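Below are the chains, spelled out letter by letter.
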Amino acid sequence: MNINYADNNHLVLMGKVTSEKRFSHEIYGERFYIFDMEVARLSSNADIIPVTISERLIKEDLQIGSKILIKGQFRSYNSYENERNKLILTVFAKDILLQEEIENLKEQEEVKEHVSNEVILTGYICKKPIYRQTPFGREIADLLLAVNRAYNKSDYIPAIAWGRTARFCQDLEVGTEVKITGRVQSRSYEKKLENGTTETRIAYEVSIGSLEIITEKEEENEEENKEAI
């Protein structure tokens, strides 16, 4: 069975560059860099998202303050620090557009102004969802999604659901396949260290806008449609 893993993980971000690029790693002679990108919310706040990009996609005009559009995937990898594994999340850029290119696409109506942050993931619940309520009664559920990637790899993406979606998620079993649509968000929190001090850290996750369960029947129909084409 041929699987297009790109269909499992698709992301579009539009915002501006807020940091210089810094070297990340090198694979088979191809160097990758990371920079930070500010993406506005509907409120007056903004998310600061790390973007990993190949040297082959970097353009001369990519500078602090540049307005850009990123198409790619939301990925994770493990970093071994202080004798512990740490899950690192980043946007992996597969294409990048600068101001003039974005405006050209808007004129062709290929870019919607209101879509500045959208991620669509299809994966499996790999940890029992944690349902809770805030002191003000707001319902929240934390999920961890395993999203398959090529070469037998997977990305482990934390996600958060709200309201009735959170209530629905609390009963999802480990191994359930779901499709979620949402936005990548950043949030700061205080981490208490072993020496008793606290440290401000930043977490990244998907804020879920919609969630649907993928059933075996739907998968069979998809395969039948592919064979008929």
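Refer to the structure printed above.
Rules used throughout
Residues numbered from 1 in each chain as written. Predicted model: local features only at pLDDT ≥ 70, side-chain atom pairs only at ≥ 80, totals over all residues. Heavy atoms only, no water. Salt bridge = Lys/Arg side-chain N within 4 Å of Asp/Glu carboxyl O. Helix = DSSP H or I, 4+ residues; strand = E, 2+ residues; numbered from the N terminus. Buried < 20%, exposed > 50% of the residue type's maximum accessible area, 1.4 Å probe, protein only. Core = buried A, V, L, I, M, F, W, Y, C linked by side-chain atoms within 4.5 Å. Contact = heavy atoms within 4.5 Å. Pairing = 2+ DSSP bridges. Phe/Tyr/Trp six-rings, centres within 6.5 Å; stacked < 30°, edge-to-face > 60°. Lys NZ or Arg CZ within 6 Å of the ring centre and 35° of its normal.

### Digging into the pattern of salt bridges
- For the coordinates displayed, the defined rule picks out 12 salt bridges.
- Put simply, Lys-16 and Glu-38 hold a salt bridge, and the shortest N to O gap is 4.0 Å. Remark: Glu-38 occurs in strand β3 (residues 30–40) and Lys-16 occurs in strand β1 (residues 9–17); sequence separation between them is 22 residues.
- For Lys-16, a relative accessible area of 39% corresponds to the partly exposed category.
- As a salt-bridge pair, Arg-56 and Glu-30 come within 3.6 Å of each other at their nearest N and O atoms. Of this pair, Arg-56 sits in the loop between β4 (46–54) and β5 (67–81) while Glu-30 sits in strand β3; the two residues are 26 residues apart in sequence, bridging distant segments of the chain.
- One connected set of salt bridges, linked through shared partners, spans Arg-41, Asp-47 and Arg-183.

### Thoughts on unusual backbone geometry
- For Tyr-28, which is not glycine, the phi dihedral falls at a positive 50 degrees.
- Note that Tyr-28 resides in the loop between β2 (22–27) and β3.
- Take Tyr-28: its relative accessible area is 82%, and that puts it in the exposed class.

### Regarding the nonpolar core
- In this structure, Ile-68, Ile-70, Phe-74, Leu-143 and Ile-180 are the most contacted members of the largest nonpolar core, which totals 39 residues.
- A total of 5 residues in this core trace back to one element, the largest contributor, which is strand β6 (residues 84–98).
- For Ile-68, the contacting residues outside a window of four places in its chain are Leu-13, Met-14, Gly-15, Val-17, Phe-35, Met-37, Leu-62, Ile-96, Leu-97, Leu-98 and Ile-102.
- Formed by 6 residues, the second largest nonpolar core is a distinct cluster that contains Val-12, Met-14, Leu-69 and Leu-105.

### Regarding the pairing of strand β7 (residues 117–125)
- In this structure, β1 lies alongside β7, joined through 5 bridges in antiparallel fashion. Looking across to β7, one finds that Val-12 is bridged to Glu-118.
- In the sheet, β7 pairs with strand β9 (residues 139–149) via 2 bridges, with the strands oriented antiparallel. The residue of β9 that forms the bridge with Ile-125 is Leu-145.

### Topic: the packing of aromatic side chains
- Counting across every chain of the model gives 2 aromatic pairs.
- The interplanar angle of 80 degrees and the centroid separation of 5.8 Å between the aromatic rings of Phe-23 and Tyr-33 together place this pair among those described as edge-to-face. With Phe-23 in strand β2 and Tyr-33 in strand β3, this residue pair connects regions lying 10 residues apart in the sequence.
- What makes Phe-23 partly exposed here is its relative accessible area of 43%.
- Taking 6.1 Å as the distance between ring centres and 35 degrees as the angle between the ring planes, the aromatic pair formed by Phe-32 and Phe-92 counts as tilted. Placement of Phe-32 in strand β3 and of Phe-92 in strand β6 is noted, with a sequence separation of 60 residues between them. Of the two residues examined, Phe-32 and Phe-92, each falls in the buried class.
- Sitting over the ring of Tyr-33, Lys-21 keeps its end group 6.0 Å from the ring centre.
- One Lys or Arg, Arg-75, reaches over the ring of Phe-92 and ends 4.0 Å from the middle of that ring.

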